[in-house]
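So the chains spell out like this:
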Amino acid sequence: MFAKLEEVEKRYDYLNGQMSDPKIIARQHEFQQYAREQSELAPVIVEYRAYKKKQDELKENQQILEEETDEEILIMAREEILGLQTKMAGLEQKIKIMLLPKDSRDERSVIMEVRAGTGGEEASLFALDLFRMYTRYAEAKKWKSEILSQSETGKGGFKEVIINIQGKGVYSKLKYEGGTHRVQRVPETETQGRVHTSAVTVAIMPQVDDVDIKINPSDLKIDVFRSSGPGGQSVNTTDSAVRITHMPSDLTVTCQDEKSQHKNKDKAMKVLRARLYDLEQSKQQDELARERKQQVGSGDRSERIRTYNFPQERITDHRIGLTLHKLTLVLQGELNEIIDALTVYYQTEALKKGN
């Protein structure tokens, strides 16, 4: 690892030299390329140089142990050595994580699908709660959220809602949220105070562009019809709703939220591209598919990843054994503690595989 870090540092110094060259500065396109690479290497170099500084301090204190006879100074040197070794071990672990291969999708925006599972109306109401939780989290991160498609129930819950969350690094933060989320609470309609268990599934897919996946227009069957609300009543007098079926894969996407047929088609295509990309990734990369199953459950999202227990104000992530008694705050969008813990866990697992 340290031989690799020496090479990275040499490259970093070279880039800094190039960026101070007036000839390079004059060629802005080339300068920007160097600047991007330099900014990517900078965080690793900061930690590596901090490590080397601690290493030098360690050598100085070890030399004191060899040369000094004053017992008080020797005690101070030994204490300093222990502290430095602890700090260096922490820095080394941090650098190892920073050197892990990057998931090329981490910087992407995402398409999130939240669907009511078992539990009837109570599951639909919890799907609404999760929708609010994720959009509040996105708002705190200064990301942009847009509903692409929604299917409401008569009581205001969601049978299904599809959201586009846009921003830098969204996938890196939300990629571990896919799976089955279980809720335990007393429904408002329950007169005897019995706790019911319901489930909602969440799917996270990186947003893709036309260049990522090609769709042959002849493979698409596009139907238009009038939008309908809860109970099937017509809410639009024009054929603005759009249903797109990708015939080779039999994937179907429906969008009817906009009054414009064109806008509904654009949103439906965005979801379709994400689903096809997700499908293609699973087919082409078996290792990635296995990793995904370990992280977010099986392809049908059937595995329980988290439980939200309202009577005990408790939330438990079963994959990492994390339990917090702050359910209300989490549902208000304060997800950082859970997401950070999941990130550290899977980074540690990746390090174990690399060793």
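Rules of the game
- Numbers given to residues run from 1 along each chain, matching the order in which its sequence is written.
- Two thresholds apply to this predicted model, a pLDDT of at least 70 for residue-level local features and 80 or more for giving and counting side-chain atom pairs, whereas whole-chain, interface and lining totals are computed over all residues.
- Side-chain metrics in this entry use all non-hydrogen atoms of the structure; hydrogen atoms and water are not considered.
- Put simply, DSSP marks the helices as runs of H or I at least four residues long and the strands as runs of E at least two long, and each gets a number from the N terminus on.
- Between buried and exposed lies partly exposed: a residue is buried under 20% and exposed over 50% of the maximum accessible area for its type, with that area taken using a 1.4 Å probe on protein chains only.
- The contact rule is simple, with two residues in contact once any of their heavy atoms fall within 4.5 Å.
- Note that accessible areas follow from Shrake-Rupley with a 1.4 Å probe, and for residues the cover is restricted to the protein chains shown.
- Pairs were defined over the aromatic rings of Phe, Tyr and Trp, the Trp ring being its six-membered one, requiring ring centres within 6.5 Å. Orientation was assigned from the angle between planes: stacked under 30 degrees, edge-to-face over 60, tilted for the rest.
- Here, a strand pair is defined by DSSP locating no fewer than two bridges between the strands.
- A helix's residues, less one, multiplied by 1.5 Å, set its expected span.
- Like-charged residues are merged into a patch within 9 Å and nonpolar side chains (Val, Leu, Ile, Met, Phe, Trp, Tyr) within 5 Å, provided each residue has over 30% relative accessible area and no salt bridge.
- Throughout this description, the term salt bridge denotes a Lys or Arg side-chain nitrogen within 4 Å of a carboxyl oxygen of Asp or Glu.
- Lys and Arg are tallied as positive, Asp and Glu as negative. Neither His nor the chain termini are counted.
- In plain terms, the charge of a residue is placed at NZ if it is Lys, CZ if Arg, CG if Asp and CD if Glu.

Caption draft 1: Focus on the overall build of the chain. Counting secondary structure elements, the chain contains ten helices and eleven strands. Within the chain, the fraction of its 355 residues that count as buried is 41%. Counting only contacts in the chain whose residues sit at least 6 apart along the sequence, the fraction spanning at least 24 positions is 61%. Accessible surface computed for the chain: about 19,600 Å², of which carbon and sulfur atoms make up 49%.

Caption draft 2: Quick look at the packing of aromatic side chains. A complete count under the given rule lists six aromatic pairs for this structure. With centroids separated by 5.7 Å and ring planes inclined at 80°, the aromatic side chains of Tyr-137 and Trp-143 adopt a geometry described as edge-to-face. Taken individually, Tyr-137 and Trp-143 each receive the classification buried, so the pair is uniform in this respect. Ring centres of Tyr-176 and Tyr-346 lie 4.6 Å apart, and the angle between their planes is 25°; on these two criteria the pair is classed as stacked. Pair noted here: Tyr-176 is in the loop between α6 (170-174) and β4 (179-185) and Tyr-346 is in helix α10 (residues 336-354), with a separation of 170 residues, a long-range link. Given a relative accessible area of 7%, Tyr-176 falls into the buried group. Among the aromatic residues, ring-to-ring pairing joins Tyr-176, Tyr-345 and Tyr-346 into one connected group.

Caption draft 3: Main features of the pairing of strand β9 (residues 304-309). Extensive coverage of β9 is indicated by the burial of five of its six residues. By the bridge criterion, five bridges tie β4 to β9 in an arrangement that is parallel. In the sheet register, His-181 faces β9, and the bridge partner there is Arg-306. Sheet topology places β9 next to strand β10 (residues 314-317); four bridges connect them, and they run antiparallel. Looking at β10, one finds that Arg-306 is bridged to Asp-317. Taking the residues between adjacent antiparallel strands as the criterion, β9 and β10 are bridged by four residues, where Glu-313 takes a positive phi near 55°.

Caption draft 4: Representation of helix α1 (residues 2-19) within the structure. Helix length check: α1 (18 residues) gives 25 Å between terminal C-alpha atoms against 26 Å at 1.5 Å per residue, within 8%. Where α1 is buried, its residues contact α2 (22-26), α3 (28-67) and α4 (71-98).

Caption draft 5: A look at the pairing of β4. Across the seven residues that make up β4, a large majority, six, are buried. With seven bridges connecting them, β4 and strand β5 (residues 196-206) associate as antiparallel partners. Looking at the pairing, Thr-180 lines up with Thr-201 of β5.

Caption draft 6: Summary view of a negative patch on the surface. Together, Glu-66, Glu-67, Glu-68, Asp-70 and Glu-72 give the surface a local cluster of negative charge. Along the chain, the position of Glu-68 falls in the loop between α3 and α4.

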